[in-house]
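# Breakdown of the fold
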Amino acid sequence: MAQIPPGSIPARTHPSARARRALSLLTAGVLAAAGVVALAGNAQAVGALGDAAAAKGRYFGTAVAANHLGEAAYASTLNAQFDSVTPENEMKWDALESTRDSFSFAAADRIVGHAQSKGMKVRGHTLVWHSQLPGWVGGLGATDLRSAMNNHITQVMTHYKGEIHSWDVVNEAYQDGSSGARRSSPFQDKLGNGFIEEAFRTARTVDADAKLCYNDYNTDGRNAKSNAVYDMVKDFKQRGVPIDCVGFQSHFNSNSPVPSDFQANLQRFADLGVDVQITELDIEGSGSAQAANYTKVVNACLAVTRCTGITVWGVTDKYSWRSSGTPLLFDGDYNKKPAYDAVLAALGGSSGGGGDGGGTGACTATYTQTSTWNGGYNGQVTVKAGGSAITNWTVPVTVPSPQKVSAVWNGTPSTSGDVMTVRPTWNGSLAAGSSTTFGFTVTTNGGTSAPAVGACTAS
Ligand code: XIL
């Protein structure tokens, strides 16, 4: 994805979906010119959790941090499992507009570009929130703040128009505890109760196709806070204020367990005529207790027709915002945890059983850089059969633009955009547990990211 200079006007300089497709074709053309077979191939990732959820008419996503995308195991686990991503921090106000009217989209664009190259959806998080808000916003008077809020929504949603399936328009506007009151924030304190409605109305005028969500935590069961949000959504629906969905963050631990009325609470919101989404799921713990809690959450979503998807708040425990609570589906080495198997089973899928963090279980793909020089490097992927013999394998390798693959050996590539799908030349048949390698040469053109090697699949 092209670097967007801070301060540029987003609607003009951001490559549109069409421009991105043209770029992909260009990349494919360069590959062809470099002697690499470039066919319009099927290079979409196959996401195990995403596929299982899709079979139930839902998505299964994860929060993603742009700075980890270059880590091969992170990218391959992401690519092998999920069909939706939420930028963990990169679309927050402080990341996008730290200085008034000067927008920096590069990191968020990297996530969106990655998602698009893998056929994943993107959740937008978040437009109006009291936290991760630059100081200049809090310093504005009411009139200025109103125009800054509407401008922020407009610029950001315009930049990503057509590329986001759901936006968290307003995040965490209510207090914890028994008051059911609004939380103090620059928006609440200076614009009053009407700021949420205004934000949603502005959002609808910018991107009529994105689902517009209100998102919060400690609203997962029935309580004073969720009652207050419920009353707001009901009022919005009655008065025609545009709202399409409510996000339930679902950060759980022993002090804040999965509520017994979680499903009933999701259902009462759905009955107001909005979709519900589980937007930031993580559950501290380990082993079968953690797995059982994940099962409860997945089952609750599946039982509510309008629960359209689940997002976990990160790929691996090692990068979780609550890392010490090991709340996610993959451990720090990208091994699948019991919670992973439980989620896949609840979604109706079956586990590949391996601890490889990706793939079908029939084979694994491991990347190493074998040599490097000024302007290029050679990479090697080891393809290893699992517990059974295989006769054919497929490994997707993403070499992020502006880097280009100039040669491939011991493998047959087909390329779509930045994704090169490699199949065997002579080396398709592998006995159980045995391996082969393929290699490739990359010209970096100034790019620094490591290639992302996706899950190996086999037949
Ligand atoms: C968290 C991120 O995970 C951290 O990396 C960051 O330091 C703080 O924010 N509610 C939200 C998320 O809506 O944006 C928060 O994400 C977690 C709580």
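Computed from a prediction, not measured in an experiment: that's the story for all the values here.

## Some thoughts on the packing of helix α8 (residues 142–159) against helix α10 (residues 195–206)
Where α8 meets α10, the closest approach of the two axes is 9 Å, and the angle between their N-to-C directions is 30°. With respect to their mutual orientation, α8 and α10 come out roughly parallel. Where α8 crosses over α10, the two elements pack in a sense that is right-handed. For the pair α8 and α10, the contacting residues are Met-149, Asn-150, Ile-153, Thr-154, Met-157 and Thr-158 in the first and Ala-199, Thr-202, Ala-203 and Val-206 in the second. The residue makeup of the contact of α8 with α10, split by class, is six nonpolar, four polar and no charged.

## What about the UniProt feature "active site" (unreviewed entry) in the chain?
Taking the numbering used here, the UniProt-annotated feature "active site" (unreviewed entry) corresponds to Glu-280. Relative to the elements of secondary structure, Glu-280 occurs in strand β8 (residues 275–283). Given 24 C-beta atoms within 10 Å, Glu-280 falls into the buried group. Among all residues touching Glu-280, those that are not within four sequence positions of it are Ala-63, Gln-249, Ser-250, His-251, Thr-311 and Trp-313.

## Here's the deal with unusual backbone geometry
For the bond from His-125 to Thr-126, the omega torsion is 0°, close enough to zero to count as cis. Its place among the elements puts Thr-126 in strand β3 (residues 121–128). In this model, Ser-401 is joined to Pro-402 through a cis peptide bond whose omega is 10°. Within the fold, Pro-402 resides in the loop between β12 (393–398) and β13 (404–409).

## What about the confidence of the model for the chain?
Looking at the chain, pLDDT values average 88 and 88% of them are 70 or higher. pLDDT under 50 marks residues 1–46. Its contacts with residues more than four places away, or in other chains, come to 78 contacts. Between residues 352–359, whose pLDDT stays under 50, and residues either more than four places distant or in other chains, the model counts 29 contacts.

Cut-offs applied
- Counting of residues starts from 1 at the beginning of each chain's written sequence and follows it residue by residue.
- Totals for whole chains, interfaces and linings use all residues, but because this is a predicted model, local features are given only for residues with pLDDT of at least 70 and pairs of side-chain atoms are given and counted only at 80 or more.
- Every axis corresponds to a line fitted to the C-alpha atoms, with the helix fit spanning only the stretch in contact, and the corresponding angles, defined between N-to-C directions, vary from 0 to 180 degrees.
- Runs of E in the DSSP output that reach at least two residues are strands. Runs of H or I that reach at least four are helices, and both are numbered from the N terminus.
- The labels follow the angle: roughly parallel below 35 degrees, roughly antiparallel above 145, roughly perpendicular from 65 to 115, and oblique for the rest.
- Crossing chirality is assigned from the near helix's rotation relative to the far helix, an anticlockwise turn below a right angle marking it left-handed and a clockwise turn marking it right-handed.
- By definition, residue pairs are in contact when their C-beta atoms, positioned from the backbone, come within 7 Å.
- For this classification, the nonpolar set comprises Ala, Val, Leu, Ile, Met, Phe, Trp, Tyr, Cys and Pro, the charged set comprises Asp, Glu, Lys and Arg, and every other residue, Gly included, is treated as polar.
- UniProt positions are given in the numbering used here, feature names are shortened, and annotations may be inferred rather than shown by experiment.
- Here the C-beta atoms are placed from the backbone, and a residue counts as buried if at least 20 other C-beta atoms lie within 10 Å of its own, exposed if 12 or fewer do, and partly exposed otherwise.
- Each residue carries a pLDDT score, the predictor's own confidence in it, on a scale running from 0 to 100.

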